[in-house]
Amino acid sequence: MACAFYNLDCKVFMVKCSYEQKPFRREIMRTYGAQVTPSPSSSSAVGRKILAEFPDTPGSLGCAVSEAVEAAVTNEGYRYVLGSVLNQVLLHQSIIGLETKAALDKYGIKPDVIIGCAGGGSNLGGLIAPFAGEKLRGEADYRLVAVEPASCPSFTRGKFAYDFCDTGRICPLAKMYTLGSSFMPASTHAGGLRYHGMNPVLSQLYHDGLLEAVAVTQNDVFKAATEFARVEGILPAPESSHAIRVAIDEALRCKRTGKAETIVFGLTGTGYFDMVAYGKFNDGTLSEAPLTDADIEKGFAAMPQI
Ligand SMILES: Cc1ncc(COP(=O)(O)O)c(C=O)c1O
């Protein structure tokens, strides 16, 4: 989802597959007065260009960013506010890590593993920020783990290179792990994680071996989400459930090895807008979208040669 706004007038470009999969999220935004358009759309020049190249695309965050930026620069008084990816967004999100650290310090707990889901990287970057600082200064050691969908594996199968932050190629380049700005992820139910690139600071940490990354498939994610809901009474968002999957796997590892460790993970959102996806999982009809090397090579081939 990406938005351009002017005072209370807000134009939202909602990734087409999320527009269809998350109708209640769409209606909440409309109730508060936003104009919500499924992206890519024919309402913008960049949307028309993307549709000409990929007529059947379910959309991606990269497409929605292009359309919202165009809306902001072509409508008098409108502004575009970035929700993830670039480094300044990590700065605001660091409140998550600062509060987590303050809570742990209050009880004298030092975590061993810190886990977050990774779409553009903002919640993970914010969660690990104070811990990564200590790690970089040699004051403490933590395992920092990014969890991404196997259908959009920017870290685990991407390249560390300069690339466009949006599919329409109207935004600046960033050096990041990327699958290529033309990469179109399958329409899995982790809408907020369907982004081709990754925040540059996190990309550098991963490149330097200070951050680990794991890719997980959506049925395994929903298994973890269901177990978490039943044990904790909290219905997690599919995106957050990527982190829950790996937190459970790490806890099972501790159980096997008999090693007591403290595992922290970020719970980024509620699943109440994602009941279509939960319904499919409950019916056993949630499909996987295996990604071939040829699909990935196609995204790399269209990247700028720098
Ligand atoms: C619930 C939820 N969690 C996580 C994310 C991932 O975004 P980021 O990697 O930028 O934190 C999103 C993105 O839309 C989301 O909706």
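The residue numbering used here restarts from 1 in each chain and proceeds along that chain's sequence as written. Where local features are concerned, this predicted model is filtered to residues with pLDDT of at least 70; where side-chain atom pairs are given and counted, the filter is 80 or more; whole-chain, interface and lining totals use all residues.

1. Some remarks on the pairing of strand β2 (residues 9-15)
Then, in step 1: Counting other C-beta atoms within 10 Å of a residue's own tells you its class, since 20 or more makes it buried, 12 or fewer makes it exposed, and anything in between is partly exposed; those C-beta atoms are placed from the backbone. Strands are runs of DSSP state E lasting at least 2 residues, helices are runs of H or I lasting at least 4, and numbering of each runs from the N terminus. Burial analysis of β2 places 5 of its 7 residues in the buried class, which makes it a mostly covered element.
Then, in step 2: A pair of strands is labelled paired if DSSP reports no fewer than 2 bridges between them. Of the strand pairs in this sheet, strand β1 (residues 2-6) and β2 are connected by 5 bridges, and their pairing is antiparallel. Note that in β2 the partner of F5 across the bridge is C10.
Then, in step 3: Bridge analysis of β2 against strand β3 (residues 35-39) gives 5 bridges, and the strand direction is parallel. Counted as the bridge partner of F13 is T37 from β3.

2. Overview of the site of the ligand
Then, in step 1: Near residues are defined by distance alone, with the backbone-placed C-beta atom required to lie within 6 Å of the molecule or strand. The environment of the ligand is formed by 16 residues, the closest being S84, G119, N123, G192 and G269.
Then, in step 2: Counting residues per element, the ones that place at least two in the shell around the ligand are α6 (122-136) and α10 (238-257).
Then, in step 3: Sort the elements by how many residues they give to the shell around the ligand and α6 lands first, with 3 residues.
Then, in step 4: Looking at the shell around the ligand, its residues break down into 5 nonpolar, 10 polar and 1 charged. Residues were grouped as follows: Ala, Val, Leu, Ile, Met, Phe, Trp, Tyr, Cys and Pro as nonpolar; Asp, Glu, Lys and Arg as charged; and all remaining residues, including Gly, as polar.

3. So, helix α9 (residues 218-232)
Then, in step 1: Helix length check: α9 (15 residues) gives 20 Å between terminal C-alpha atoms against 21 Å at 1.5 Å per residue, within 8%.
Then, in step 2: Three or more residues of α9 are buried, namely Q218, V221, F222, A224, A225 and F228. In an axial view of α9, the angular spread of the buried residues amounts to 160°, which keeps them on one side of the axis. Those residues of α9 that are exposed and aimed more than 90 degrees away from the buried face are R230 and V231.
Then, in step 3: Taken together, the buried residues of α9 touch β6 (143-149), β9 (212-216), α10 and α11 (275-283).
Then, in step 4: Immediately downstream of α9, the backbone of G233 shows phi near 75°, a positive value. Expected span of a helix, by definition, is 1.5 Å for each gap between consecutive residues, and there is one gap fewer than residues. When we speak of the arc, we mean the arc of directions from the helix axis to the C-beta atoms. By definition, residues are in contact whenever their C-beta atoms, placed on the basis of the backbone, come within 7 Å of each other.

4. Remarks on the nonpolar core
Then, in step 1: A set of buried Ala, Val, Leu, Ile, Met, Phe, Trp, Tyr and Cys residues, joined to one another through C-beta atoms within 7 Å, is what we call a nonpolar core. Ranked by size, the top nonpolar core spans 70 residues in total, and within it A64, A68, I114, I115, V145, A146 and V147 carry the most contacts.
Then, in step 2: Considering each element in turn, this core owes the most residues, 7 residues, to helix α4 (residues 61-74).
Then, in step 3: Domain limits in this description derive from either an automatic procedure or a database domain assignment. When we break this core down by domain, the ones giving at least three residues each are domain 1 (2-80) and domain 2 (87-301).

5. Details of the sheet that holds β2
Then, in step 1: The sheet built from 4 strands is open, its strands ordered β3-β2-β1-β4 with mixed pairing. The sheet terminates laterally at β3 and β4 (79-80), the two strands that pair on one side only.

6. Some remarks on the domain arrangement of the protein
Then, in step 1: As far as domains go, the protein holds domain 1 (2-80) and domain 2 (87-301).
Then, in step 2: With 21 residues of domain 1 in contact, the opposing surface of domain 2 contributes 19 residues.
Then, in step 3: The dominant element in the side of domain 1 that touches domain 2, judged by the number of residues it contributes, is α4, at 7 residues.
Then, in step 4: In terms of residue class, the side of domain 1 that touches domain 2 is made up of 11 nonpolar, 6 polar and 4 charged.

7. A few points about α6
Every α-helical turn comprises 3.6 residues, leaving residues that sit three or four positions apart pointing alike.
Then, in step 1: Across the chain, bend at a residue is computed as the angle between axes fitted to the seven residues ending at that point and the seven starting from it. At A129, α6 shows its maximal kink, close to 55°; a proline, P130, follows between one and four residues later.
Then, in step 2: All of the buried residues along α6 are S122, N123, L124, G125, G126, L127, I128, A129, F131 and A132.
Then, in step 3: Against the buried residues of α6 lie α5 (87-106), β5 (113-117), β6 and α8 (200-207).
Then, in step 4: Positioned one or two residues after α6, G138 has a phi angle of 75°, which is positive.

8. Details of the environment of G192
Then, in step 1: In this fold, G192 is placed in the loop between β8 (173-178) and α8.
Then, in step 2: A C-alpha to C-alpha distance of 9.7 Å links G192 and A237, two positions 45 residues apart in sequence.
Then, in step 3: Once residues lying within four places of it in the same chain are set aside, the contact partners of G192 are G119 and E239.

9. Things to note about the sheet that holds β9
Note on sheets: strands pair through backbone hydrogen bonds, and any given pair is parallel or antiparallel.
Then, in step 1: Strand order across the open sheet formed by 4 strands is β9-β6-β5-β10, with parallel pairing between neighbours. The sheet is open, and its two edges are formed by β9 and β10 (263-265), each paired on a single side. Direction aside, the axes of adjacent strands within the sheet are offset by 25° on average.
Then, in step 2: Two strands pair when backbone bridges link them, and β5 and β6 are joined in this way by 5 bridges, in the parallel orientation. An axis is simply a line fitted to the C-alpha atoms; with a helix, the fit covers only the stretch in contact. Between two such axes, the angle follows the N-to-C directions and lies from 0 to 180 degrees.

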